Amino acid sequence: MRTTDKLSYLLTRLPSLKVALSVFFLITALQVVAQQTGSRVDQLNDEQVQEFYNRAQASGLSEAQVEQAAMSQGYTLTDIAKMRKRIADIRSQSGNRRGQTVSDTSRGRTLPNDLSRRYPTDSLPYDKRLDTTKRLKVFGASLFENANLSFEPNLRIATPRNYIVGPDDEITIDVSGASSDNFKLRVSPEGSVKVPNIEPIFVSGLTIEQAEQRIIARLRRGGYQGLGVPGSGVTANVALTNIRSIRVTLVGEVVRPGTYTISSLGSAFNALYLAGGPNPETGSFRKISIIRGNRVVRTIDLYDFILRADQRDNIRLQDQDVIRVADYQTRVEITGEVRRPAIFEVLPGETFKNLLAFAGGFGDDAYRASITLRRNTSRERRIVTISENQIDAFVPQRGDKYSVGKILERYENRVQVAGAVMRPGDYALEPGLETVRQLINRAEGLSKDAFTNRAIIIRERPDRDSENLSFDLGKVMRGEVADIPLVAQDSLTVLSIRDLREDYYIIVEGAVNRPDTVKFVSNMSVADLIASAGGFSEGATPNRIEVARRIRQDSAGVRNMTLEMYQFAIDRNLQISSLDTQSGGTKNMPATAFRLQPFDIVYVRTSPNYETQRQVYVWGEIMHPGNYAIASRDERIADVIKRAGGLRPGAYMAGAQYKRVGQVVGGDLQRIMESPDAEENLLLSDGDTLFIPRQSEIVDIQGAVLNPSSISYKSGYKFDDYISEAGGFTDNARHRKGYVIYPNGRKDRTRQFLFFNRRPYVEPGSTIVVPFKPLDTNRMSAAERIGILSLLTTVSIALVNILLR
């Protein structure tokens, strides 16, 4: 039997040993894991945490018992809090994966995944729809859900002077000066410490300061003369070096009620955190009583700590203290435009003003004039409206739900001006700004491009529809007509002359350094435009500059004329020498007086004999491979081969490849060496490449053959011979569609004459390709054909028998 099986047997057969063995097993397991990972909790993976949780469940121990056992083995409160959070996270994740429940994270509960009990949201009344949204959290509950906040006391600080000494405390006495000695004394269960050669000293129930005075007095009488007396040269220091553990009990509406063992320096918040804090469903966060000797010594209001960081109620606990969390009496909800929407607990005597302070006050966009309250009555609910002057005295009741609305996206006194004014924007409708002219003046007047013949006011009518009002702005500003009064929400738009026309531009194209479309600028000459375009490019012809101009005036009677054309002669220094009006231009216009107009297109021509260098690339079995410039428009392939020094002895022109724009140009280049007038001797083009290989001794066979492979070239072999070398055709081969790809890129297919196949010849370096037959998805299988044949045979026999009768 394995060790784990033996342990399970003992746990089931020996109830008296169950708790002790379970604690030992759990703590040993956690210690082994900690030693392997180098950390108690932080470095545990999810599988190790799950294993520890499963063992804890199988042991039958409560969470409080497991945590107390862990503390007795040296685990800190932080370790326990982290382990508790890790276990909760793993449990929630596993629950979601199983899909048996739907998690309600706001309340810590699980809801049955029963779709039959759900209703369409749109069909529910208003209050039901509110319940389907994310529920509010109870204010203060998150304080005890933070694993990084445990309120664990700091054991490295000096012992507080009001600390009460008790059993199991360790006191160190350090005597120095003329006499030197050191004692480490543990307080006995009877409450005393024993110094050698001195009767026991009772210190239990004394503060550390009182205990120090009593111990020094006994030492002075027991042989240490003058101890602690000024001028005697003998001093003593009494310190608490190890503190005891105490037991406190938490009852009432806490998450995990029970008895907890904590440090004697532990505080009330420390114990509350270990117990998970007040139960968010039923517990009070403002009535937490600390009971000592059947008497309430302090009542804790957690709101004082959460809202004001006031820890005066966080007193140090003593052994056998009881912390009782009462049921809450009054809880209310507040939502909407407040800074901290939540469920708050209200004490007697507190008003809505206090509740608003708990929620952090109104939000920036809160509607403060009235607040909506939904209050429960004995039979149903009712709506209450709280005005702003009732906030200070209004008393909340149990179950109240307050909703703070948002202000309207409207302005009570706004007017707007946009367009061709100096300061467009929003302005306040107030005395001194009540008319159109006053608004324009407040906006620092019209801009110079303002179109004053017409302006527009968009006004909101009483039914919230918009209304358009247009008027002559120029007459209003000059006082020729009555000024127009404004109302709230009016929007005045002053048009610009640019809003009523196309965007003006000029285009320069051709042999300039920066061809572009530029914004029209008045009084610009052709030379100015060319200068802004970076000047002439290298191949420009300055004496052939053309300007194409739209006919913008009425063209009645000149329908055959669509453009006005002008031609200029300009030197390289951008000096205009002459102007030629080709069609529709102004006669006798001086060349220097010509100015561009909107939408003109200026063309700068290129010299007819100007060309940039063009080149081809020749490589392979050539004497001088590399790039070669195309010397003339008539240069051909044979010419560049001759310029490259001719072919090497191993060159194989039948396999030469000529490429243009990356594509192989099929052709028999061997003929150009024999006859330069052959059609294959193409004219060279910029970017062409010529590759002349060595003669290949391999023939590739691909496609529908039994053994696609490469075979050495044999001069006596034909197409079918190479197919035989590759194992022959496959069953799905298209015999009559085989073709050959030659090294120079040309292709030749199989031709048919009557019942005979005329195969293409094969050259060295060729590739033989046999296509596959296309898949026939409608083809019947052998079993289907046999079935149909059997049916036809049966039908035939039946027909013969009928005819013979």
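Refer to the preceding data block for the structure.
Because the structure is a prediction, the values reported are computed rather than measured.

## A look at the pattern of salt bridges
- Here the structure, examined in full by the defined rule, presents 26 salt bridges.
- The partner of glutamate 170 in a salt bridge is arginine 186, with the nearest N and O atoms 3.7 Å apart. A residue pair is termed long-range when its members are at least 10 positions apart, and glutamate 170 in strand S3 (residues 170-177) and arginine 186 in strand S4 (residues 181-186) qualify at 16 residues.
- With a relative accessible area of 42%, arginine 186 lands in the partly exposed category.
- The shortest N-O distance in the salt bridge between glutamate 350 and arginine 286 comes to 2.7 Å. Here the residue glutamate 350 occupies a position in the loop between strand S14 (342-345) and helix H10 (352-358), and arginine 286 occupies one in strand S10 (residues 283-291), the gap between them amounting to 64 residues.
- Residue classification places glutamate 350 among the buried residues on the basis of a relative accessible area of 13%.
- What makes arginine 286 buried here is its relative accessible area of 6%.

## A closer look at helix H7 (residues 208-221)
- For H7, spanning 14 residues, the distance from its first C-alpha to its last is 20 Å, which sits close to the expected 20 Å at 1.5 Å a residue.
- All of the buried residues along H7 are Ile208, Ala211, Glu212, Ile215, Ile216 and Leu219. The buried residues of H7 all sit within an arc of 130° when viewed along its axis, so they share a single face. Relative to its buried face, H7 has exposed residues pointing more than 90 degrees away, namely Gln213 and Arg221.
- Check the buried side of H7 and you find it contacts S3, strand S5 (192-193), strand S6 (201-202) and strand S7 (234-242).

## Focus: the sheet that holds strand S20 (residues 450-460)
- Strands sit in the order S19-S18-S22-S20-S21 across an open sheet of five strands; the sheet is mixed. Looking along the sheet, the strands with just one partner apiece sit at the ends: strand S19 (425-428) and strand S21 (466-471). When the angles between neighbouring strand axes are averaged without regard to direction, this sheet yields 20°.
- Here strand S18 (residues 414-419) pairs with S19 via four bridges, running antiparallel. Bridged to valine 415 within S19 is tyrosine 427.

## Concerning the sheet that holds strand S30 (residues 626-629)
- With mixed pairing, five strands are arranged side by side in an open sheet as S30-S29-S33-S31-S32. Strands at the two margins of the open sheet, each flanked by one partner only, are S30 and strand S32 (663-665). For this sheet the average axis-to-axis angle between neighbouring strands, irrespective of direction, equals 30°.
- As defined by bridge partners, strand S29 (residues 615-620) adjoins S30 across four bridges and the pair is classed as antiparallel. Bridging across to S30, valine 616 finds its partner in tyrosine 628.

## Digging into the pairing of strand S17 (residues 401-404)
- Because side chains alternate across S17, one face comprises the buried residues Tyr402 and Val404, and the other comprises Lys401 and Ser403, none of which is buried.
- Relative to S17, strand S13 (residues 331-336) runs parallel, the two sharing four bridges. Pairing of glutamate 333 across the sheet is with lysine 401, part of S17.
- Two elements, strand S15 (residues 370-376) and S17, share three bridges in a ladder whose sense is antiparallel. Bridge pairing in S17 links threonine 372 to serine 403.

Conventions adopted
Residues numbered from 1 in each chain as written. Predicted model: local features only at pLDDT ≥ 70, side-chain atom pairs only at ≥ 80, totals over all residues. Heavy atoms only, no water. Salt bridge = Lys/Arg side-chain N within 4 Å of Asp/Glu carboxyl O. Helix = DSSP H or I, 4+ residues; strand = E, 2+ residues; numbered from the N terminus. Buried < 20%, exposed > 50% of the residue type's maximum accessible area, 1.4 Å probe, protein only. Expected span 1.5 Å × (residues − 1). Arc of directions from axis to C-beta. Contact = heavy atoms within 4.5 Å. Pairing = 2+ DSSP bridges. Axes fitted to C-alpha atoms, helices over the stretch in contact; angles between N-to-C directions.

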